Amino acid sequence: MAHIRKRRPENVSGPFYVDSSCIDCGTCWQWDPRHFEDHGHQARVRAQPEPGLETERALMAVQACPVAAIGTTPPLLRQTPTQGFPVLITRHPAGDVYYCGWTSRRSFGASSYLVVRPQGNVLIDSPRYNRPLKQAITARGGLAAMVMSHRDDVADHKRWAGVFGCPRWIHHADRDAAPGAEYCPEGEDPVWLQEGLQLIPTPGHTAGSMVAVLGAASQDALQVLFSGDHLWWNPEHQRLVASRQYCWWNWREQVRSLARLQHLNVGWLLPAHGDRRCFGPGEWQSQLKALLAAVEDDDASTTSSGGCGGGP
Ligand code: SF4
């Protein structure tokens, strides 16, 4: 729990504050950039929220923080947001997509997503286990499957799978991070988890990294790409990025895996770390082409500067 004695002096004065236990994961300012920002390798409150919806949103950042580094004073502001997570991102013809909040320290604050579908709901990466989110998922029909994009973001997978009795998917090369996972695809061939939901192995960041793709490519309904730590959006430079600095396995393989996503027609990019992004028609292809041109340059380290605030 955040403590007033550890309040960072960089916070603006007022009830909300970030304390010195912040791990710079980026969750709060990606969720609520109006009131939180990166400042000196930790977060700070840049503006105090107004009463009402702004305060609701800031209180959800308190819930989402993986290390409870965001506090309020006086404590009467420690109220439960009425809306709460998960929060709808998009209604896609292949399923409604929600951001789960409630990030876990064990996955360094990685984002996770819930896809609500007639074929059965799917959890993409693991949020921190907690009762409010469990109740919200239950109210939407529970879970039919859980996907782990790679070994770093498995967090509380065992608990979620145990509560909902759902099978877990993780690539064979990262399976030791999630012992007991029921499905472990091998190699690089895409696999269909359900109709309209595909897993594409993208080795590089880790040997067993996979992305998930919701929907078929069409102009009418662009696809949703759950990219794990393979790539994400950099809002400062307005471009797609992948990170050599935060590549834990094989950068050349990661670049090769990036090229394997050129056939997609992405409308929403939803990474585990880094910023989410909505693309217009054709924008994904041009952005990915620019990223590939940058990483294939000898000076690839320029591209790896990322700037997402807290690498994978
Ligand atoms: S959400 Fe992440 S960046 Fe924000 S205060 Fe918590 S640890 Fe720091």
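Our subject is the structure that appears above.
Every chain begins its residue count from 1, and numbering advances along the sequence as written. Per-residue local features are limited, in this predicted model, to residues with pLDDT of at least 70; the limit for side-chain atom pairs, both in listing and counting, is 80 or more; totals at the level of whole chains, interfaces and linings are taken over all residues. Water and hydrogen atoms play no part in the side-chain values, which are based on all heavy atoms of the structure.

Caption draft 1: The arrangement of unusual backbone geometry in detail. Omega for the peptide link from phenylalanine 85 to proline 86 comes to 5°, which places this bond in the cis form. Within the secondary structure, proline 86 is located in the loop between strand E4 (70-72) and strand E5 (87-92). Phi angles above zero are rare outside glycine, and histidine 41 is one such case at about 65°. Its place among the elements puts histidine 41 in the loop between strand E2 (36-38) and strand E3 (43-45). Relative accessibility under 20% of the residue-type maximum defines a buried residue, over 50% an exposed one, and the middle range a partly exposed one, all with a 1.4 Å probe and only protein chains included. Overall, the relative accessible area of 68% leaves histidine 41 in the exposed class. In the Ramachandran plot, glutamine 238 falls in the positive-phi region, its phi being about 55° despite a non-glycine side chain. As for its placement among the helices and strands, glutamine 238 is situated in the loop between strand E15 (232-234) and strand E16 (239-241). Exposure remark for glutamine 238: the relative accessible area of 44% places this residue in the partly exposed category. Only runs of H or I of at least four residues qualify as helices and only runs of E of at least two qualify as strands under DSSP, and these elements are numbered from the N terminus.

Caption draft 2: Local environment of the site of the ligand. Proximity criterion: a residue is near a molecule or strand once any of its heavy atoms comes within 4 Å of it. In the neighbourhood of the ligand, 14 residues make up the surrounding shell, with Cys22, Ile23, Cys25, Cys28 and Cys65 lying closest. One can see that the ligand is located within the largest cavity. A total of three residues in the shell around the ligand trace back to one element, the largest contributor, which is helix H1 (residues 27-31). Each residue is assigned to one class: nonpolar for Ala, Val, Leu, Ile, Met, Phe, Trp, Tyr, Cys and Pro, charged for Asp, Glu, Lys and Arg, and polar for all the others, Gly among them. Its residues assigned to classes, the shell around the ligand comprises eleven nonpolar, two polar and one charged. In this analysis the probe radius is 1.4 Å and the grid spacing 1 Å, with only protein atoms considered; a cavity is a set of points the probe fits into but cannot get out of, a pocket is an open set with protein on both sides within 12 Å along at least five of seven lines, and lining residues have an atom within 4 Å of a point. Criterion for pocket placement: a molecule counts as inside a cavity or pocket if more than half of its atoms are within 2 Å of its grid points.

Caption draft 3: Summary view of the nonpolar core. For this analysis, a nonpolar core means a set of buried residues of the types Ala, Val, Leu, Ile, Met, Phe, Trp, Tyr and Cys, connected via side-chain atoms within 4.5 Å. In this structure, Phe36, Phe85, Ile124, Trp160, Leu193, Leu214 and Phe226 are the most contacted members of the largest nonpolar core, which totals 54 residues. Looking at which element gives the most residues to this core, the answer is helix H2 (residues 53-64), with five residues. Per-domain counts for this core show at least three residues from each of domain 1 (4-77) and domain 2 (87-305). Those residues in contact with phenylalanine 85 that sit more than four places away from it in its chain are Trp31, Met60, Gln63, Ala64, Tyr99, Cys100, Gly101, Trp102, Leu133 and Ala136. Core analysis: the second largest hydrophobic core is formed by 22 residues, Leu240, Trp251, Leu258 and Val295 among them. What fixes the domain bounds is an automatic or database domain assignment. The contact definition used throughout considers only heavy atoms, calling two residues in contact when any of these lie within 4.5 Å.

Caption draft 4: Fine view of H2. Residue count minus one, scaled by 1.5 Å, sets the expected span of a helix. The end-to-end C-alpha distance of H2, which contains twelve residues, comes to 16 Å, matching closely the 16 Å that a straight helix rising 1.5 Å per residue would cover. Within H2, nine of the twelve residues are buried, leaving the element largely enclosed by the surrounding structure. Among the residues making up H2, those that are buried are Glu54, Thr55, Glu56, Ala58, Leu59, Met60, Ala61, Gln63 and Ala64.

Caption draft 5: Structural view of the packing of aromatic side chains. When the centres of two rings from Phe, Tyr and Trp lie within 6.5 Å, Trp using its six-membered ring, the rings pair. Their planes under 30 degrees apart give stacked, over 60 give edge-to-face, and anything left gives tilted. Applying the stated criterion across every chain, the model contains eleven aromatic pairs. Following the ring pairs from residue to residue traces out a cluster consisting of Trp31, Phe85, Tyr99, Tyr113 and Phe226. Arginine 276 extends its terminal NZ or CZ atom over the ring of tyrosine 99, reaching a point 4.1 Å from the ring centre. For a Lys NZ or an Arg CZ to count as sitting over a ring, it must be within 6 Å of the ring centre and within 35 degrees of the ring normal. Of note, arginine 277 hangs over the ring of tryptophan 233, and the distance from its end group to the ring centre comes to 4.2 Å.

Caption draft 6: The arrangement of the pairing of strand E13 (residues 210-214) in detail. When you tally the buried positions in E13, you get five out of five residues, the bulk of the element. Of the two faces of E13, the one holding Met210, Ala212 and Leu214 and the one holding Val211 and Val213 are both buried throughout. Two strands form a pair only when DSSP identifies at least two bridges running between them. Taken together, the five bridges between strand E12 (residues 197-201) and E13 define a ladder with antiparallel strand orientation. Within the sheet, the bridge partner assigned to proline 201 lies in E13 and is methionine 210. Inspection of the sheet shows E13 paired to strand E14 (residues 223-228) by three bridges, in the antiparallel sense.

Caption draft 7: Molecular detail of the pattern of salt bridges. Whenever Lys or Arg places a side-chain nitrogen within 4 Å of a carboxyl oxygen from Asp or Glu, that contact is recorded as a salt bridge. For the coordinates displayed, the defined rule picks out 14 salt bridges. Among the ionic pairs, arginine 91 bridges to aspartate 96, the shortest N-O distance being 2.7 Å. Under the relative-accessibility criterion, arginine 91 is labelled exposed at 58%. With relative accessibility at 18%, the residue aspartate 96 sits in the buried group. Residues joined in a network through salt bridges with shared partners are Glu188, Glu253, Arg256 and Arg260.

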